[in-house]
2 protein chains.
Amino acid sequence: MNKKNISMAVIRRLPKYYRYINELLKNNVDAVSSNKLSEDLGFTASQIRNDFNNFGYFGRQGYGYNVKQLHKEISMILGLIKNYNTIIIGAGNIGQAVANYTNFGQLGFKLKGIFDINPKLTDLVINDIRVRDIDLVEEFICNKDIDIAILCVPRAVAQKICDTLIKGGIKGIWNFTQVDLITPKGVTVENVDLSDSLLTLSCLM
Amino acid sequence: MNKKNISMAVIRRLPKYYRYINELLKNNVDAVSSNKLSEDLGFTASQIRNDFNNFGYFGRQGYGYNVKQLHKEISMILGLIKNYNTIIIGAGNIGQAVANYTNFGQLGFKLKGIFDINPKLTDLVINDIRVRDIDLVEEFICNKDIDIAILCVPRAVAQKICDTLIKGGIKGIWNFTQVDLITPKGVTVENVDLSDSLLTLSCLM
């Protein structure tokens, strides 16, 4: 199916489907029912069936969904059949934490460079990558075919650096800065907000 | 309504409702329709109406939901009418990043202490809080009435430190370690996984 036809609501559910199905696949589970998915993921069973129907993917009565096929289908919609080249901008606490996060590589996000404005940090090596001066980023994006920039800079410089990245040709920004970035059409921004997770914890306590 | 009767599915939607309604309140918006909420949050309008009905909260035809009342109701269900005392365990990159995150304080989560196993870090002051030795944590939890521990330690020591926190009387753990913690009944764990957000970005690109 064409990715462009999927609603934002479905897109928000897709990563959760993907991670869950990925676990089932690792554990050699063959099939899963919409009721089981509903229990573990917290979406209604009818919503799940509806989502999968939309992908052109139908379960079998009494058997459920074939895990392998479902994994393949959702991977394709999520764009995970290709790898993404990423760079981190800002080698402070958040930048370093993200650089050391091992999961992303497994999902196909390849860290190619780390940049910082502070010349003192450009001798630092994080996860085998030497921090580069931010002045080099525009050329780097273009030459190394970088898809995604992970923005971990202070709020005050976020928009300015965002503009530079876009001039370099970046198409996706994973934004940890808590600033509402202004970007032209064709550039996708995904904001990270940890509040949801903390609020869920307090609700469950 | 009794919090215990709310399904996990609804609980996962609550933080999103809360943050959205909070923004409306700040911008002096009086009312909001389920259709508008659906558009901006990505849940179906009927699901939203159903959720709010469950809270015993009904909108008015042609007017929608009263933002102030909705905010109050959801705050109560989320447990945000009280403050939570929190501590951070692990003063590395993630711990420092979380300590410097300003949003949480505004939501009622008060950072009372930071602990680390490394004696070299116990001279460090982050966000006006001096890092303490982990050996002091059990007593601290009890004496200072700590509700939530934010676990930012290396994987290898995560379960051991989790056990210590529980012995100290902690009731909620916000877990950044990527380890599936084993905890007794009565202790709530919320795992942070940034993959969902990154997968959403790649899907939208």
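Structure first, text after, so check above.
The numbers attached to residues start from 1 for each chain and follow its sequence in the written order. In the order they appear in the text, chains get letters beginning with A and ligands get numbers beginning with 1. In keeping with the predicted nature of the model, local features appear solely for residues at pLDDT of at least 70, side-chain atom pairs appear and are counted solely at 80 or more, and the whole-chain, interface and lining totals rest on all residues. Side-chain calculation: all heavy atoms of the structure are included, whereas hydrogens and water are not.

## Considering the sheet that holds strand 7 (residues 148-151) of chain A
Residue and element names in this part refer to chain A. Strand pairing requires that DSSP identify at least two bridges connecting the strands. By definition, any uninterrupted DSSP run of H or I lasting at least four residues is a helix, any uninterrupted run of E lasting at least two residues is a strand, and each is numbered from the N terminus. Strand order in the open sheet formed by seven strands is 5-6-4-3-7-8-9, with mixed pairing between adjacent strands. A single partner strand is all that each edge strand has here, and the edge strands are strand 5 (125-126) and strand 9 (188-191). Note that strand 3 (residues 84-89) and strand 7 share four bridges and pair parallel. Its bridge partner lying in strand 7, Ile-89 is registered against Leu-151.

## Structural notes on helix 9 (residues 195-204) of chain A
Among the ten residues in helix 9 of chain A, nine count as buried, and that is most of the element. Accessible area is worked out with a 1.4 Å probe on protein chains only. A residue is then buried under 20% of its type maximum, exposed over 50%, and partly exposed in between. For helix 9 of chain A, the set of buried residues is A:Ser195, A:Asp196, A:Ser197, A:Leu198, A:Leu199, A:Thr200, A:Leu201, A:Ser202 and A:Cys203.

## Quick notes on the packing of aromatic side chains
Residues and elements named next belong to chain A. Only Phe, Tyr and Trp rings are paired, with Trp represented by its six-membered ring, and only when their centres lie within 6.5 Å; those with planes under 30 degrees apart are stacked, over 60 edge-to-face, the remainder tilted. Going through the model one piece at a time under the given rule, you end up with 14 aromatic pairs over all chains. Aromatic pair Phe-52 and Tyr-65: ring centres 4.9 Å apart, planes at 90 degrees, arrangement edge-to-face. A residue pair is termed long-range when its members are at least 10 positions apart, and Phe-52 in helix 3 (residues 45-54) and Tyr-65 in strand 2 (residues 65-66) qualify at 13 residues. Accessibility classification places Phe-52 together with Tyr-65 in one group, the buried group. Two conditions define a charge sitting above a ring: the NZ of Lys or the CZ of Arg must be within 6 Å of the ring centre, and it must be within 35 degrees of the ring normal. A cation sits over an aromatic face here: Arg-13 above Phe-43, 5.9 Å from the ring centre. The positively charged end of Arg-60 is found above the aromatic ring belonging to Tyr-63, 4.4 Å away from the centroid.

## Some details on the interface of chain A and chain B
Any two residues having at least one pair of non-hydrogen atoms within 4.5 Å are treated as being in contact. Of the residues lining the interface, 56 residues belong to chain A; the matching set on chain B comes to 56 residues. Here the quantity called buried area is the accessible surface, traced with a 1.4 Å probe, that two parts lose on coming together, added over both. Its largest share of buried area at the contact with chain B, chain A owes to A:Leu198, A:Leu199 and A:Met205, together 13% of the area lost on that side. A pair is scored as a salt bridge if a Lys or Arg side-chain nitrogen falls within 4 Å of a carboxyl oxygen belonging to Asp or Glu. Counting the contacts that link chain A with chain B gives four salt bridges. Salt-bridge contacts for A:Arg19 lead to B:Asp196; the nearest nitrogen and oxygen are separated by 2.6 Å. Each polar contact in these results corresponds to two N or O atoms within 3.5 Å; when the atoms are within protein, one needs to be able to donate a hydrogen and the other to accept it, and residues that are neighboring in sequence are counted only if both atoms are side-chain atoms. On inspection of chain A and its partner chain B, the count reaches eleven residue pairs in polar contact (both at pLDDT 80 or more).

## Examining the sheet that holds strand 8 (residues 172-175) of chain B
Residues and elements named next belong to chain B. In spatial order, the strands read 5-6-4-3-7-8-9; together these seven strands make up an open sheet with mixed pairing. Two strands lie at the open edges of the sheet, namely strand 5 (125-126) and strand 9 (188-191), each paired on one side alone. Bridge analysis of strand 3 (residues 84-89) against strand 4 (residues 109-116) gives six bridges, and the strand direction is parallel. Directly across from Tyr-84, in strand 4, lies its bridge partner Phe-109.

## Points about the relation of the copies chain A and chain B
Superposition of the two copies of the chain requires a rotation about an axis together with a shift along that axis. Under the fitted operation, chain A is carried onto chain B by 0.0 Å of movement along the axis and a turn of 180 degrees, and the coordinates agree to an RMSD of 0.0 Å. Given the turn and translation reported, the copies of this chain are related as if by a two-fold rotation axis. Looking at the rotation axis and the C-alpha trace of chain A, the residue lying nearest is A:Asn93, at 2.2 Å. Same-surface contact between copies: 100% of interface residues of chain A are shared with the interface of chain B. When the copies are overlaid, the least-squares fit takes in C-alpha atoms only where the residue has pLDDT of at least 70 in both copies.

## Structural notes on helix 3 (residues 45-54) of chain B
Those residues of helix 3 of chain B that sit buried are B:Ala45, B:Gln47, B:Ile48, B:Asp51 and B:Phe52. For helix 3 of chain B, the angular spread of the buried residues around the axis is 160 degrees, confining them to a single face. Looking at the packing, one finds that the buried side of helix 3 of chain B touches helix 3 of chain A together with helix 1 (8-26), helix 2 (34-41), strand 2 (65-66) and helix 4 (67-77) of chain B. With its phi angle positive at about 80 degrees, B:Gly56 sits one or two positions after the end of helix 3 of chain B. Note: the arc covers the axis-to-C-beta directions of the helix.

## Structural notes on the packing of helix 1 (residues 8-26) of chain A against helix 2 (residues 34-41) of chain A
The relative placement of two packed helices is expressed as an angle between their axes plus a distance between the axes. All names here are of chain A. Where helix 1 contacts helix 2, the axes come no closer than 11 Å and their chain directions differ by 110 degrees. The orientation of helix 1 with respect to helix 2, classified from their angle, is roughly perpendicular. Two secondary-structure elements touch here, helix 1 through Lys-16, Tyr-17, Tyr-20 and Ile-21 and helix 2 through Lys-36, Leu-37, Asp-40 and Leu-41. Lys, Arg, Asp and Glu make up the charged group, whereas Ala, Val, Leu, Ile, Met, Phe, Trp, Tyr, Cys and Pro make up the nonpolar group; the residues left over, Gly among them, are polar. Here the residues of the contact of helix 1 with helix 2 sort into five nonpolar, no polar and three charged. Axis lines are fitted to C-alpha atoms, over the contacting stretch for helices. Their N-to-C directions set the angle, which ranges from 0 to 180 degrees. Roughly parallel here means an angle under 35 degrees, roughly antiparallel means over 145, roughly perpendicular means 65 to 115, and every remaining angle is called oblique.

## Some words on empty space enclosed by the protein
Lining residues are defined by having an atom within 4 Å of a point belonging to a cavity or pocket. Those points lie on a 1 Å grid over the protein atoms alone, cavities being sets where a 1.4 Å probe fits but cannot get out and pockets being open sets with protein on both sides within 12 Å along at least five of seven lines. Grid points are joined across faces, edges and corners, and a volume is the space filled by probe spheres set on the points. For the coordinates displayed, the defined rule picks out one cavity of 30 Å³ or more. Taken as a whole, the largest cavity encloses approximately 250 Å³ of empty space. Forming the walls of the largest cavity are 14 residues, and the residues nearest its centre are A:Phe176, A:Leu194, B:Ile94, B:Phe176 and B:Leu194. Looking at the lining of the largest cavity, the elements with two or more residues in it are helix 5 (93-99) of chain A together with helix 5 (93-99) of chain B.

## A short note on the nonpolar core
To define a nonpolar core, start from buried Ala, Val, Leu, Ile, Met, Phe, Trp, Tyr and Cys residues and group those joined through side-chain atoms within 4.5 Å. Among the nonpolar cores identified, the biggest contains 96 residues, and A:Leu14, A:Ile74, A:Trp174, B:Leu14, B:Ile74 and B:Trp174 are the most heavily contacted of them. In this structure A:Leu14 touches A:Phe55, A:Ile74, A:Ile77, A:Leu78 and B:Cys203, once residues within four positions along its chain are discounted.

## Some remarks on the pairing of strand 8 of chain B
Residue and element names in this part refer to chain B. Covered by surrounding structure in strand 8 are Gly-172 and Trp-174 together with Ile-173 and Asn-175, the residues of both alternating faces. Here strand 7 (residues 148-151) runs beside strand 8; their pairing, made up of four bridges, is parallel. Residue pairing in the sheet places Ala-149 in a bridge with Ile-173 of strand 8. As judged from the four bridges shared by strand 8 and strand 9, these two strands associate in the parallel manner. When the bridges of strand 9 are listed, Trp-174 appears paired with Glu-190.

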